[in-house]
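Summary of the model geometry
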Amino acid sequence: MRFLYTGYFRFPNGDAAASRVLNNARILRDLGHDVFVVSFGGAPRTEDLTESGYEYDGIKYINTNDIDTHTIKERLLRYVAPAPKAMKIISEQIGEIDGIISYNPTAALNIRLKKLCHRNSIHYIVDLTEWPAPNEMPGGKYSPIYWQSEYNFKRIQKSISNFIPISTYLRDYYQQSNHVLLPPLIDVNDKKWSVFQNITDSRIADFKGIRIVFAGTPAKKDLLGNLINSLCAILPEHQNFQLVVAGVDSDSGKAFFDDPNDFDCFADNFVFLGRIPQEIVPSIYHISDFSAIIREPSRKNTAGFPTKMAESMVSGCPILLNYTSDLAQYAIDGQNAVVIPDYTIESIKDGLKRISQFSEEEIKRMKNSAHEIGRNKFDFRNYKSAMTTFLTNLVIKNK
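This text gives an overview of the structure that appears in the document. Predicted model only: the values in this text are computed from it and were never measured.

Calculation criteria
Residues numbered from 1 in each chain as written. Predicted model: local features only at pLDDT ≥ 70, side-chain atom pairs only at ≥ 80, totals over all residues. Heavy atoms only, no water. Core = buried A, V, L, I, M, F, W, Y, C linked by side-chain atoms within 4.5 Å. Buried < 20%, exposed > 50% of the residue type's maximum accessible area, 1.4 Å probe, protein only. Helix = DSSP H or I, 4+ residues; strand = E, 2+ residues; numbered from the N terminus. Contact = heavy atoms within 4.5 Å. Pairing = 2+ DSSP bridges. Axes fitted to C-alpha atoms, helices over the stretch in contact; angles between N-to-C directions. Lys, Arg positive; Asp, Glu negative; His and termini not counted. Salt bridge = Lys/Arg side-chain N within 4 Å of Asp/Glu carboxyl O. Polar contact = N/O pair within 3.5 Å; in protein donor to acceptor, adjacent residues only side chain to side chain.

**A closer look at the nonpolar core**
- Ranked by internal contacts, the top residues of the largest apolar core, which has 77 residues, are F11, V37, I100, M309 and L321.
- Among the elements that take part in this core, helix α1 (residues 16–30) stands out by supplying six residues, more than any other.
- What L321 contacts, discounting residues up to four positions off in sequence, is I293, I294, M309, L327, A331, A337, V338, V339 and I340.

So this is what it looks like as C-alpha cells:
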C-alpha cells in the first residue's frame, strides 16, 4: 500500500514530531509499503534531493511551509482552513494513495481529511500523541479554540476508525477503534546512538562528579525550575552534582532560579548549553549519569509520552523521574531509574540525595540496564508485527 503521512511537523529532523513520523514511516517502509510525507513545516535538505524529489532514508517528502508563518490571521486560519498548500498536494495525490495518516489533526483538518478519504474509499488514520490542556490555548478554557479542540477529541475523533496512539490513555479512550500503540521510537542503528562524540566543553569535560542532564526546550510541563531549585537546596552538602541543560542558554536559565544569587554561587554546578545540534544530544546523554523527567500528572502529561525517555535510555542514561503516562512500564526503580513519588521540590531533593549515595559501579550497572531497555523497547523494528496486525484490520468506513 501507499500512505501519505501529513501534519503539523517539520520533516525530516526539525522537531520531535518529525522524529515520530520518521520512525513510524520506517516501520511501514520495512514492511514493504510506500510512504510519502507532506510536512506542514520545515525545509528540505539539499543532500536529500534526488531526480524524483526530496527523499530521506528511503522516504519521499515535501515541505509546504504552512506553519512557518506567524501572523495572527494565519494562525487563526489554521483552525478554520488549515494547511492550504498541503491540502492542494494531498488532493492531487488522492488517486495514487491507499490511505492518509494525519499527525495530531485539528478539528477542521480531521473533518476535511476524513471526508476526502471517505469520498475516495481510502483509509484514514490518526496518529495521536497529545491532548492539549486549556492553558496551552489563547484565552484558556474560555477560548473558542479550546472548545474546538475538546469537540475534536470527544466527538469528531470518536467517529474515526483507525488510530496510532502514543499512550495507553489515548488507546483506551478510543478503545473501540482499530489501533496500534506506538511509544516514541528510534532507529538504534543510526550512528548517533552508538558512535558518541567527544564533548570538549571544558565546563563538562573537567567536572568530576555526578552529572544530571535535561535536554530540550522546557515547557511548563517539564518543571525545570523545580529540578534546579532542588539541586540548589542540596548543593551546600552535596557539591558533587552538575546539571547540564541542553536547549537553554545562561540568560534564560537564570530565570529558573528562585534565588538569583544561586546562579552565581553555584556557577560550576550548572551548565546551560543553549541550542545544540540534534546529533550531539545522544552524546550528552551518554556521558551523563542520569537524565531528569519531572512532570505533573495532568491529563496532558498522561495522554502524551516524553520522547526524552526513549532518547535517554537508548543512549544508556538512567532517569530520575516521577511516574506519568506509561513511564512505569519502562522505568524500574533501582534498575534503570530513580523513581520519586511526585514532582515537588522535597521529592526531587530526596531523589538527588539517593543518587549521591550510588557508587560508580552501581551507576554503571544502571546505565547498562537503561541501554538494554532502550534498545529492546524503543527501536522501531520491534513494532513491525503490531503494525502488520493493525494494517490487516484497517477500516475504510468511519463510524
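Picking up after the structure, the text goes on.
**Focus: the sheet that holds strand β12 (residues 270–274)**
- The six strands are arranged β12-β11-β10-β13-β14-β15 in an open sheet whose pairing can be described as parallel. One side of each edge strand has no neighbouring strand; the edge strands of this open sheet are β12 and β15 (337–340). Sheet twist, expressed as the mean angle between neighbouring strand axes with direction ignored, is 25°.
- In this structure, strand β14 (residues 319–322) lies alongside β15, joined through four bridges in parallel fashion. Bridge pairing in β15 places L320 opposite V338.
- On top of the sheet, helix α13 (residues 307–314) reaches β10 (210–215), β13 (290–293) and β14; it is set at about 155° to β14, its chief contact.

**Remarks on the side chain of R211**
- Note that R211 resides in strand β10.
- For the buried R211, no salt bridge exists, and the shortest N-O distance to an oppositely charged side chain is 5.6 Å, to D289.
- In this structure the side chain of R211 is engaged in a polar contact, spanning 2.7 Å, whose partner is the backbone oxygen of I204.
- The residues touching R211, leaving out its near neighbours within four places in the chain, are I204, Q242, V244, I287, S288, D289 and F290.

Keep in mind these values describe shape, not function.
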